[in-house]
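Structural features, examined
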Amino acid sequence: MAKNFAVPKYLTTVTFFIGFMMLSTTCTSLVLFPPKDIAGMLRNDTESINSTSTDYGHIVQEFPAAVFNPTSPNDIASLILFSNNNSEAPFGVAARGQGHSVRGQDLAHDGVVINMTALSNGSRIVVSESPSLGSYADVGGEQLWIDVLHATLYHGLTPVSWTDYLYLSVGGTLSNAGISGQTFRFGPQISNVYELDVVTGKGDFITCSSTKKPKLFYAVLGGLGQFGIITRARIALQPAPNRAKWLRLLYSNFSAFSSDQEFLISTSGKMERDGFDYVEGLLLMQQGPLDLSFYPVADQPRIASLVNQYGVVYTIEVVKYYDDSTRDTVDKVVEKLTNRLSFVPGFMFEQDVSYEEFLDRVRNGEKMLKSLGLWDIAHPWMNLFVPKSRISDFDSGVFKDILLKQKVPAALILIYPMSRNKWDGRMSAVIPDEDVFYAVGLLHSSGFNEWQAFDEVNKQLLQFCQDAGIMVKQYLPHYETQEDWKNHFGSNWQSFQEMKTKSDPNKILAPGQRIFNSLL
């Protein structure tokens, strides 16, 4: 049984923020004799090394030999060529955007970390239109999604698929998948990309798409940085709405909760105009901490009472976007949909906010945590995709048994369904082999010395799934052995391995993922 959980005082459910843990250490030696065109871009001063020795998770720490600050994608290509031609041995190269990995995936032990943010000199977000594609944005891989949002809204446009937190780099989310409450309708962010510029592990600069170098294109999307570094992405856009009807509905019964979520994502087909645009879910648990800031102050005591009564309360979070043309009908659409749902009577709550305010909803919580000095804490997260056929077993075995009985502090637990047909099987991202599956995120936060207790819970969770035969897949995966990675990719492992050999034969890219090498 896990013990000694320590949750920082004032912790809320919002834990999506970034940072560096600044530690003093002795720098490792810089890679020898770099060519003149890149030598001035390498840094091995204490501040540079320390700031790239850990990530948002604050669990893994590995010191690079140097940090590289490129001014163009060609500089990245030169660095990779130098690594491959190094007479001693090729060194690992890790692209780092915002450092938001949680298990050291963007670290490079005794290698070189590329500071992708150094590319942000000048405009690298360009909005365009073509007869074949419609509206799109060409975006540098280092750019933040919040800046993409601002640049596209200026033109009355917006990307269609998002992550919950917008202060992440475009290249970072596209190397994983990029999921949120819009995924059920538009697919993950990787399903909404027309073209990429990639620097491969051989140092080749390649433009690829579904028709040009398609194998590389699909491999890189969700490829965990193993085949190339994304330096530009062409992102699909559509007209932006102005406002958002933002609702939360509370459930005491998991079956009703999951059935209603599955009904809501089914409205993404013929009923698209009459369905919600965003569907997510989250848990409120008796052991807390409870973040009730969304709800009216007068209703917070009865919500807390409901949680105490049932131990676990399930929340469906939905949004319907609207603009001037739909302002008069949006309430009718919301009413029609919510009348179909089986939430606890009297426990539906609504806010009306701007489109940007909803998408950037996590930012205020981030600022608050930083002001309290609670942003640089350990994050032993676990993110899973769970098949629909076993989600009820997962609820009873994990939420009600492991988490509730052991009184594991629940900083933020997300659970929401998505459809397989919105994902492209040619991409590297791994999902369960069912038409509908759930994203489950256990976004634990802890003190630096207590994260192991939460990690024990994660291990119990995975062991339960294995013993119960629940074929979960990790999202933002972390494994210690190549055998585990083989099991993760399953029948796609051979093609994944072949593409690695073709695009990164010396296996220098993204060493922190520990797929083809080890940081030990």
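Parameters at a glance
- Residues numbered from 1 in each chain as written.
- Predicted model: local features only at pLDDT ≥ 70, side-chain atom pairs only at ≥ 80, totals over all residues.
- Heavy atoms only, no water.
- Core = buried A, V, L, I, M, F, W, Y, C linked by side-chain atoms within 4.5 Å.
- Buried < 20%, exposed > 50% of the residue type's maximum accessible area, 1.4 Å probe, protein only.
- Helix = DSSP H or I, 4+ residues; strand = E, 2+ residues; numbered from the N terminus.
- Domains from an automatic or database assignment.
- Contact = heavy atoms within 4.5 Å.
- Pairing = 2+ DSSP bridges.
- Buried area = accessible area lost by both parts, 1.4 Å probe.
- Salt bridge = Lys/Arg side-chain N within 4 Å of Asp/Glu carboxyl O.
- Polar contact = N/O pair within 3.5 Å; in protein donor to acceptor, adjacent residues only side chain to side chain.
- Phe/Tyr/Trp six-rings, centres within 6.5 Å; stacked < 30°, edge-to-face > 60°.
- Patch = residues over 30% accessible without salt bridge, like charges linked within 9 Å, V, L, I, M, F, W, Y side chains within 5 Å.
- Areas by Shrake-Rupley, 256 points an atom, 1.4 Å probe, with all protein chains shown as cover.
- Lys, Arg positive; Asp, Glu negative; His and termini not counted.
- Charge placed at Lys NZ, Arg CZ, Asp CG, Glu CD.

**Notes on the nonpolar core**
- Among the nonpolar cores identified, the biggest contains 85 residues, and L174, I179, L196, F358, F385 and W423 are the most heavily contacted of them.
- Top contributing element to this core by residue count: helix 7 (residues 214-220), with 5 residues.
- Lining this core are residues from two domains, each supplying at least three of them: domain 1 (125-240) and domain 2 (243-474).
- The residues contacting I179, other than those within four sequence positions of it, are W162, T163, D164, P188, F385, Y416, M418, W423, A439 and Y475.
- Of all hydrophobic cores here, the second largest spans 48 residues; its members include L249, A256, L264 and I265.

**Observations concerning the pairing of strand 10 (residues 228-239)**
- Summarising burial for strand 10: 10 of the 12 residues are buried, a large majority.
- Note that strand 6 (residues 134-140) and strand 10 share 5 bridges and pair antiparallel. Bridge pairing in strand 10 places Y136 opposite A236.
- The pairing of strand 8 (residues 193-200) with strand 10 spans 7 bridges and is classified as antiparallel. Bridge pairing in strand 10 places V198 opposite I230.

**Thoughts on the sheet that holds strand 2 (residues 66-68)**
- Pairing is mixed in the open sheet, where 4 strands are placed in the order 1-2-4-3. With one partner strand each, in any of the chains shown, strand 1 (42-43) and strand 3 (93-96) form the two edges of the open sheet.
- Sheet topology places strand 1 next to strand 2; 2 bridges connect them, and they run antiparallel. Residue pairing for strand 2: L42 is matched across the bridge by F68.

**Section: the domain arrangement of the protein**
- Along its sequence, the protein is carved into domain 1 (125-240) and domain 2 (243-474).
- The straight-line distance from the C-alpha centre of domain 1 to that of domain 2 is 25 Å.
- Between domain 1 and domain 2, the contact holds 31 residues from the first and 34 residues from the second.
- Looking only at domain 1, the three residues that lose the most surface to domain 2 are F184, R185 and Y218, adding up to 32% of its buried area.
- At the boundary of domain 1 with domain 2, the tally comes to 2 salt bridges.
- Here D277 ties to R185 by a salt bridge, and the two come within 3.9 Å at their closest N and O atoms.
- The tally of links from domain 1 across to domain 2 stands at 17 residue pairs in polar contact (both at pLDDT 80 or more).
- With 4 residues, helix 4 (residues 145-153) is the single largest residue contributor to the side of domain 1 that touches domain 2.

**Observations concerning the packing of aromatic side chains**
- In this structure the tally under the stated criterion is 31 aromatic pairs.
- Each ring, one from F254 and one from F257, has its centre 5.8 Å from the other, and the planes form 45°; the classification is tilted. Of this pair, F254 and F257 both sit in helix 8 (residues 254-265), 3 residues apart, which is roughly one turn of that helix. Just as F254 is buried, F257 falls in that class too.
- Ring centres 5.0 Å apart and planes at 85° place the aromatic pair Y321 and Y355 in the edge-to-face group. You can see Y321 sitting in strand 13 (residues 312-322) and its partner Y355 sitting in helix 11 (residues 355-359), a full 34 residues away along the chain.

**Thoughts on the pairing of strand 6**
- The buried fraction of strand 6 amounts to 6 of the 7 residues, a majority that puts the element mostly inside the structure.
- Pairing geometry for strand 5 (residues 125-130) and strand 6, over 6 bridges, is antiparallel. Looking across to strand 6, one finds that V127 is bridged to A137.
- Between strand 5 and strand 6, which follow one another and run antiparallel, lie 3 residues.

**Considerations on the side chain of T54**
- Mapped onto the elements of the fold, T54 is located in the loop between helix 2 (46-51) and strand 2.
- For T54, the side chain forms a polar contact with the main-chain oxygen of V60, separated by 2.9 Å.

**Some points on a positive patch on the surface**
- A cluster of basic residues, K202, K213, K215 and K502, forms a positive patch on the protein surface.
- For K215, the location among the structural elements is in helix 7.
- You can call K215 exposed: its relative accessible area is 64%.

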